[in-house]
Amino acid sequence: MKSLVFIETNDGAPVGGSLELFGAAAAIGAEAEGIVIGDEAAAKAAADAVGASVSYVEAEYCEDVITDVVAKAAAGADVVLLAATPTGKVVTPRIGARLDAGAVNDITAISADDGFVITRPAFGGNVLEQIKIKTPVAVVSVRPGSYEKPAAAAGTVAKSSVE
């Protein structure tokens, strides 16, 4: 199983909630590859923070570009993971629509035993709802703090061919 992780950056540094997504991918047994919209230094910082393969696209950092780049980069991925930040919550349904995929925001757990089963809080956290995504691809934003960030290790960086 393959996952694509969108790594948000702030002033060239990866956002912590984005790095935790590699832990979410590991929890479902998915091979994770990251993508950064920014320069090579931002991608290298992210790759080394989690010991993963990260590609980067030098483009304007805005919601329309993020949607376009991530949707194109998601070819072949089974799950697309984003942090449940304000940006992540806006682009998650947009990416889902582009991929004709099930999209769920603000999840706290994901399992891949029989398709993708998502857990997210509802009614102020008093209820945990379970949502089954029946499409071949799932696009989800994960609430920061739901998974542990993997240990730092040397990662690999490549410029993406996605434009």
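Residues numbered from 1 in each chain as written. Predicted model: local features only at pLDDT ≥ 70, side-chain atom pairs only at ≥ 80, totals over all residues. Heavy atoms only, no water.

Trainee: In this structure, what is going on with the confidence of the model for the protein chain? I would like to understand it.
Mentor: Do not read the fine detail of predicted coordinates wherever pLDDT is low. Chain-level statistics for the protein chain give a pLDDT mean of 92 and a share of 99% at 70 or above. Per-element confidence in the protein chain ranges from a low mean pLDDT of 86 for strand β12 (residues 156-159) to a high of 97 for strand β6 (residues 79-83). (pLDDT = per-residue confidence, 0-100. Helix = DSSP H or I, 4+ residues; strand = E, 2+ residues; numbered from the N terminus.)

Trainee: I keep staring at the environment of A74 and nothing clicks. Help me out?
Mentor: Along the chain, A74 turns up in the loop between α4 (63-73) and β6. According to the relative accessible area criterion, A74 is buried, its value standing at 5%. Residues within four places of A74 in sequence aside, it is in contact with L4, V80 and L99. (Buried < 20%, exposed > 50% of the residue type's maximum accessible area, 1.4 Å probe, protein only. Contact = heavy atoms within 4.5 Å.)

Trainee: For this particular structure, what's the right way to read the nonpolar core?
Mentor: Nonpolar side chains tend to gather and get buried jointly when the protein is soluble and globular. With 32 residues, the main nonpolar core has V36, V79, L81, I110 and V140 as its most contacted residues. The set of elements that each furnish at least two residues to this core consists of β1 (2-7), α2 (21-27), α3 (40-50), β5 (53-57), β6, β7 (102-107), β9 (116-122) and β11 (138-142). In terms of residue count, the dominant contributor to this core is α3 (six residues). Not counting chain neighbours up to four residues away, the residues in contact with V140 comprise V79, V80, L81, L82, T92, V104, I107, I110, I118 and I133. Counting 20 residues, the second-largest nonpolar core is a separate cluster that includes V57, V69, V70 and A71. (Core = buried A, V, L, I, M, F, W, Y, C linked by side-chain atoms within 4.5 Å.)

Trainee: Would you explain the sheet that holds strand β10 (residues 127-133) in this entry?
Mentor: The strands that make up a sheet pair up through hydrogen bonds in the backbone, lying either parallel or antiparallel. One open sheet accounts for three strands, arranged β8-β9-β10; its pairing is antiparallel. For this open sheet the edge positions go to β8 (109-111) and β10, each flanked by a neighbour on one side alone. For this sheet, the mean angle separating the axes of adjacent strands, direction not counted, is 20°. When β9 meets β10, the two strands line up antiparallel, connected through seven bridges. When the sheet's bridge partners are listed, P121 is paired in β10 with L128. (Pairing = 2+ DSSP bridges. Axes fitted to C-alpha atoms, helices over the stretch in contact; angles between N-to-C directions.)

Trainee: Is there a simple way to think about the sheet that holds β1 in this case?
Mentor: Spatially, the seven strands line up as an open sheet ordered β7-β11-β6-β1-β4-β5-β12, and their pairing is parallel. Edge positions in the sheet fall to β7 and β12, since each of these pairs with one other strand and no more. Along the sheet, successive strands turn relative to each other by an average axial angle of 25°, direction set aside. Bridging between β6 and β11 involves five bridges; their strand directions are parallel. Residue V80 lies in a different strand from β11, and its bridge partner there is V139. With respect to the sheet, α4 is in contact with β1, β4 (31-37), β5 and β6, its orientation differing from that of β4 by roughly 150°.

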